[in-house]
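What follows is the residue order along each chain.
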Protein chains: 4
Amino acid sequence: MIVILQPDVTEQQIDHILGKAKEIGLRTNVSRGTERTVIGFIGPEDVLRSIPLEVWPGVEQVIPVLAPYKLVSREFREENSVIKVGDVEVGGKRLVIMAGPCSIENKESLLRTARTLKKNEGVSLILRGGAFKPRTSPYDFQGMGEEGLKILKEVSAETGIPSVSEVMDPRDVELSAKYIDAFQIGARNMQNFSLLKEVGKTQKPILLKRGMSATVKDLLMSAEYIMAKGNFNVMLCERGIRTFETATRNTFDINAIPVIKQLSHLPVIADPSHGTGRWGLVGSVARAAVAAGCDGLMIEVHEKPEEALSDGPQSLTLENFASLFKELKAVAKAVGKDI
Amino acid sequence: MIVILQPDVTEQQIDHILGKAKEIGLRTNVSRGTERTVIGFIGPEDVLRSIPLEVWPGVEQVIPVLAPYKLVSREFREENSVIKVGDVEVGGKRLVIMAGPCSIENKESLLRTARTLKKNEGVSLILRGGAFKPRTSPYDFQGMGEEGLKILKEVSAETGIPSVSEVMDPRDVELSAKYIDAFQIGARNMQNFSLLKEVGKTQKPILLKRGMSATVKDLLMSAEYIMAKGNFNVMLCERGIRTFETATRNTFDINAIPVIKQLSHLPVIADPSHGTGRWGLVGSVARAAVAAGCDGLMIEVHEKPEEALSDGPQSLTLENFASLFKELKAVAKAVGKDI
Amino acid sequence: MIVILQPDVTEQQIDHILGKAKEIGLRTNVSRGTERTVIGFIGPEDVLRSIPLEVWPGVEQVIPVLAPYKLVSREFREENSVIKVGDVEVGGKRLVIMAGPCSIENKESLLRTARTLKKNEGVSLILRGGAFKPRTSPYDFQGMGEEGLKILKEVSAETGIPSVSEVMDPRDVELSAKYIDAFQIGARNMQNFSLLKEVGKTQKPILLKRGMSATVKDLLMSAEYIMAKGNFNVMLCERGIRTFETATRNTFDINAIPVIKQLSHLPVIADPSHGTGRWGLVGSVARAAVAAGCDGLMIEVHEKPEEALSDGPQSLTLENFASLFKELKAVAKAVGKDI
Amino acid sequence: MIVILQPDVTEQQIDHILGKAKEIGLRTNVSRGTERTVIGFIGPEDVLRSIPLEVWPGVEQVIPVLAPYKLVSREFREENSVIKVGDVEVGGKRLVIMAGPCSIENKESLLRTARTLKKNEGVSLILRGGAFKPRTSPYDFQGMGEEGLKILKEVSAETGIPSVSEVMDPRDVELSAKYIDAFQIGARNMQNFSLLKEVGKTQKPILLKRGMSATVKDLLMSAEYIMAKGNFNVMLCERGIRTFETATRNTFDINAIPVIKQLSHLPVIADPSHGTGRWGLVGSVARAAVAAGCDGLMIEVHEKPEEALSDGPQSLTLENFASLFKELKAVAKAVGKDI
């Protein structure tokens, strides 16, 4: 931790700060410049972080030296983590596709969708489908609940495709675990720490979506919550952030893909459906995400977007998905991925 | 709902749209301009909202006519709602102060703090103090939990000041309800819909904080979630939003105060502590919020901010609070509030 | 300047960095922690800023110790600067009001407006009115140009109220200087450095508006551009920033008022008309800005907003202004201002 | 234009609105729903835009039907525009690379850089280099001015590579035109309307960079300013927007590429150097932009970034550029571009 002192700091205040440091058991390094004195605190930053140095008399600014996350960082683990969802490996050489409808609506439709998706040659597939839906309005369709999870499990069993589905409530973690292969934590719950701790106690893979106004650092800290509980099977998902731009539902943060890859060993999934909010843009941004180096994509598809119970405007038809997938294979190959 | 059609829409597509509208039982009004045709859908917008009109062939843009919230709106209830927290009325003529430490740390300190706060002449006081703390890092102090709630209840009983404290987990709602007079829903949980539904089932007053990237409309929709479950005792809290500005922890959205007052009958509380993140700015923004017409303030105070276990940098000392309160009384009087 | 080194930095890289520092003539202070080595560079930060330390091998992060501005800072000048616009003092004990129409439309209307504004008892008034208008669309009314400036000068002379008007083009600075008492630099031109240098060469007072996505630091740097040319008569204007919120045209950054007051000796003017974009919100935010400690307000008024050639939706009628002014007097008095 | 009326609008107010519409010569279509009455104005939206309908009594909301731009839009011109910069075609089937140092520093270095860049097999190259530099600080290197332009012209002539360079001041347009093949309008000047009009009077190609807080619509309106003056040779440049994320200098808005391609016929250039601000991220985002469908890239390169006079941290070495270019060729081919 580096502390920059105010220009009018007194010797007494400096002594007070150095004294406190000694009390806590930290070494210090004082550097007196012409305009400012700077103190470096040497020792465990965790201890230092919990102290409100900013309000100590004479202090102008406090600057941490280390990142606040550990288990998620490349310094902790140099090679990429590969997470297994069913038989599908996420984070390896092969691009993974998580596709399916926003909400599970009925078994027939989900089964047809899954079977059609599977026909895409070479696809490494995970089936997505929401049973618990976080809707902005209490009057909107809230999902089928456990009934939906049952359908997802049946379709998953009949097609051999592993599944991922959102869990919103710590009380549903145990129940959901019976039906699905991976938990999704939605953007709105990225800092629902009770929920993070609860899924952290399981060993299920977790797809953690970035919050709408979360920095990359915030996202990594939320992953750290899960890993600190012992579950290391975390996949991070960039799904667009909130900005002033209104032409799209969110602004997909393409920079985040290489940034996360530099800072962390965890796999990165891109969600161009939420990242744009408009199906006509999904293809371009999906291709871009693959070119930027993501490990997988999450894409909303629907047999008939015109009749979808949620997120119709951003869902691809199965035909559109099939032609997009061909393009994605070409781009993935161009950047050295297997597919 | 108003639907603007694409310039190259066909008559067949228009017929398809009008046919569907008839099926659902809606009247339509077609207006053909030189460059665009516009269809007005007349009927319940709820039904319309659930249909993904944006993906219907020939549709360019869909514009709702009505706001998506009802119970929170001034159209639903014209006069201001007054919510009772213990004996304190929030939303009436008198400015309310919710003050206390970020985290409850021990009984002695909280009791001293509460007693000192109460000495401020004319203050209409609610005691705040966190027992469950949503911390960005899993390694930071997470609050005292139930132990903290017990302390809060005792101090509240001994001083006669009603209490408010954050609840983060739907499983803690029942427990917390035994100890406190009002629930706080934190910014990170503003769209934790499971939690909103759970507190919506009680009749306890709820202080709902605006999410860091929530629009005013999003905030009102979250309040609607609570009210739709039957709990009308909701207070809204502006606590700063996330912007590109790094000079402050958040950007306090002063505009939101009159905007909410126009759109809703619910009381508005301002939190300049989180809205700025620096104690040296709290006073100015607190005065501003009162001048803008808020119904109350939430302010973090601490006996010794230098030793606070959380949010020290944005906490006022008890002395600073006392002089700020005098200023607030003057401003409140200037804008016609009792205090 | 503080440089944090990468965990895997080599001794050779450290030597390379220390060698370069010596070459440039800087002292260094090396602090070796368990996880990172930190080097403090002691010497003129200006020199250091121009060196891309970030790309030197072994460097992880570069942190400046000093603010990049000088002349604008409180460290340079402790007491508040008072700027004279005609006879009106900005930055002193008295709250200043800059009011008038968005665009100058004709002499009669401007004269009536000025005379009515002047009738408000106790007002310390500057007349605003745009002759050169920066409009988003090339098809919108672009202002009356020099004709408008002539009208402004005449009205100013007949009423004795000094004037302020926007200059957009360095080629118009000399011309405009003949007609007006203060230049306004608009938000879109805050980083039009050619224009800043040009007005910096005059001694006219300058109202510098904050850019829509400018941080407070950026704003201070733009003021520094003007002052570095020798013109110290700069007034800073907070007029709202661009955020994700769509309920208002901009988000008025109330925090910026006390932040600027802490960092700089220059006066701060608040523009609630642009800061909100809706006349029904102007009053609340104007009162708030005064309570937060601004030195003056810029408010758009129009005889008949319904017929204004620009910014009608955010203009107050003269009657509304008169009642707002009474409220402002009360708030100003409550926070210790003369009016 | 569609006007939604307030719930308590009176018949008199409706008559007033309809009467005014008739006066201006517009047809109207009144649609009375159960909760709101909606009026459609049929006629030229330009006329309507200039009227502040929002402040007319009884009006709740005003919604335009048409986009405010014309000449830039796909409706005006369906096929892609191809702009010639020297011999290089921008907007056609071949990906264009604009590369070079941030600032021109001396002839030898620029010549070496240009020659090395040209060696990349198959590159369709434009040489960039700044002579007038918009620096945040008045104390930073401001560019070599005309001397720099002369160097650029000489290097361009000796290597046969056309050039692009920023112009910041309307007074420099004529001078700059003598030396360079295309003007660049920087992000900070995107709404410097005097400058836009001045370059609009020439026939030189213009690279118009998106402002840091400009929406795509704002960018298109600024292009419209240039085209409305008669210069149709406009290229749009996405270079990152300002958001809350601090891990990167800007947030590159990848969505903007397909959005602009849908709305406009003008070519889109991506600038991953400014879009990220860190050379280690430039490659990933460059690949992504190509995969998303951009027509060209602008990339800062420097012989020795460690010694660059500006933007060193985001500049690629010539070696790094060469290996990136190979990757770009692969991605371009994968998405059907020639290179």
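Residues numbered from 1 in each chain as written. Chains lettered and ligands numbered in written order. Predicted model: local features only at pLDDT ≥ 70, side-chain atom pairs only at ≥ 80, totals over all residues.

Focus: the interface of chain D and chain A
Much of the literature gives interface size as the accessible area that the parts lose upon coming together. Filter applied, for reference: Two residues qualify as a contact pair if the distance between their C-beta atoms, derived from the backbone, is within 7 Å. Runs of H or I in DSSP of at least four residues are treated as helices and runs of E of at least two as strands, each being numbered from the N terminus. For this scheme, ten residues count as nonpolar: Ala, Val, Leu, Ile, Met, Phe, Trp, Tyr, Cys and Pro. Four count as charged, namely Asp, Glu, Lys and Arg, and the remainder, Gly too, count as polar.
Tallying the contact residues gives 37 residues for chain D and 37 residues for chain A. Secondary structure elements with two or more residues in the side of chain D that touches chain A: helix H7 (216-228), helix H8 (256-263), helix H10 (279-292) and helix H11 (318-334) of chain D. It is H10 of chain D that provides the largest number of residues to the side of chain D that touches chain A, a total of 10 residues. Among the residues forming the side of chain D that touches chain A, the class breakdown is 20 nonpolar, 12 polar and five charged.

Overview of unusual backbone geometry
Residue and element names in this part refer to chain A. What counts is decided by this rule: Exposure is read from a count of other C-beta atoms within 10 Å of each residue's own; the residue is exposed at 12 or fewer, buried at 20 or more and partly exposed in between. C-beta atoms are placed from the backbone.
Positive phi is not limited to glycine here, since Asp 311 has a value of about 55 degrees. Inspection of the secondary structure puts Asp 311 in the loop between strand S14 (296-300) and helix H11 (318-334). Owing to 21 C-beta atoms within 10 Å, Asp 311 belongs among the buried residues under this scheme.

Some points on the relation of the copies chain C and chain A
Put simply, the test is: Least squares is the method used to superpose the copies, on C-alpha atoms of residues holding a pLDDT of at least 70 in both.
Placing chain C over chain A gives an RMSD of 0.0 Å and needs a rotation angle of 180 degrees, together with 0.0 Å of translation along the axis. Those values place the two copies in the arrangement expected of a two-fold rotation axis. Within chain C, Phe 244 of chain C has its C-alpha nearest the rotation axis, a separation of 2.1 Å. An overlap of 100% is found between the interface residues of chain C and their copies at the interface of chain A, pointing to a shared contact surface.

Here we look at the domain arrangement of chain A
This is how the line gets drawn: Boundaries of every domain are those given by an automatic assignment or by a domain database.
Segmentation of chain A into domains returns domain 1 (2-63) and domain 2 (83-334). A C-alpha centroid distance of 45 Å is found between domain 1 of chain A and domain 2 of chain A.

Notes on the sheet that holds strand S7 (residues 96-100) of chain D
Residues and elements named next belong to chain D. Put simply, the test is: Only when DSSP finds a minimum of two bridges between them are two strands counted as paired. Under this scheme, a helix contributes an axis fitted over its contacting stretch, all axes are lines through C-alpha atoms, and angles between N-to-C directions fall in the 0 to 180 degree range.
Spatially, eight strands are ordered S7-S8-S9-S10-S11-S12-S13-S14 in a closed barrel, and the strand pairing comes out parallel. Taking the axes of each pair of neighbouring strands and ignoring which way they run, one obtains an average angle of 25 degrees across the sheet. Sheet analysis places S7 next to strand S8 (residues 125-128), joined by three bridges and oriented parallel. When the sheet's bridge partners are listed, Ile 97 is paired in S8 with Leu 125.

Digging into the interface of chain C and chain A
Chain C puts 19 residues into the contact, and the matching count from chain A is 19 residues. In terms of residue count, strand S3 (residues 37-42) of chain C provides more of the side of chain C that touches chain A than any other element does, three residues in total. Grouping the constituent residues of the side of chain C that touches chain A by class yields nine nonpolar, six polar and four charged.

Overview of the nonpolar core
What counts, and what does not: We call a set of buried Ala, Val, Leu, Ile, Met, Phe, Trp, Tyr and Cys residues a nonpolar core when their C-beta atoms link them within 7 Å.
Grouped together as the largest cluster of nonpolar side chains are 378 residues, with contacts concentrated most on Ala 289 of chain A, Ala 289 of chain B, Ala 289 of chain C together with Ala 289 of chain D. In this structure, Ala 289 of chain B is in contact with Ile 254, Ile 257, Ala 270, Pro 272, Cys 294 and Leu 297 of chain B together with Ala 288 of chain C, ignoring residues within four places of it in sequence. Grouped together as the second largest cluster of nonpolar side chains are 32 residues, Ile 42 of chain A together with Val 3, Ile 17 and Leu 53 of chain C included.

Overview of the environment of Glu 319 of chain B
All names here are of chain B. Inspection of the secondary structure assignment puts Glu 319 in helix H11 (residues 318-334). Since 10 C-beta atoms lie within 10 Å of it, Glu 319 is described here as exposed. C-alpha of Glu 319 to C-alpha of Arg 128: the two residues are 191 residues apart in sequence and 18 Å apart in space.

Examining the relation of the copies chain D and chain A
What connects the two chain copies is a rotation about an axis and a shift along it. It takes a turn of 180 degrees to lay chain D on chain A, together with a shift of 0.0 Å along the axis; the resulting RMSD is 0.0 Å. Looking at the interface residues of chain D, 100% of them are also at the interface in chain A, so both copies use one shared face.

Concerning the sheet that holds strand S12 (residues 234-238) of chain C
Residue and element names in this part refer to chain C. Taken in spatial order, the eight strands of this closed barrel run S7-S8-S9-S10-S11-S12-S13-S14, and their pairing is parallel. Neighbour-to-neighbour, the strand axes of this sheet turn through a mean angle of 25 degrees, independent of strand direction. Running at roughly 170 degrees to strand S13 (residues 268-270), helix H8 (residues 256-263) makes contact with S12 and S13 of the sheet.

Quick notes on the pairing of strand S9 (residues 163-166) of chain B
All names here are of chain B. Put simply, the rule reads: With the strands pointing away from the viewer, any crossover whose connection runs clockwise from the first strand over the helix to the second is right-handed.
Covered by surrounding structure in S9 are Ser 163 and Ser 165 together with Val 164 and Glu 166, the residues of both alternating faces. Bridge count between strand S8 (residues 125-128) and S9: two bridges; the pairing is parallel. In the sheet register, Leu 127 faces S9, and the bridge partner there is Ser 163. One crossover worth recording links S8 to the parallel S9 by way of helix H4 (residues 146-159), and it is right-handed. Note: S9 against strand S10 (residues 182-185), three bridges, orientation parallel. By the bridge assignment, Val 164 is partnered in S10 with Ala 182. Chirality of the crossover, the property in question, places the unit of S9, helix H5 (residues 173-179) and S10 among those that are right-handed.

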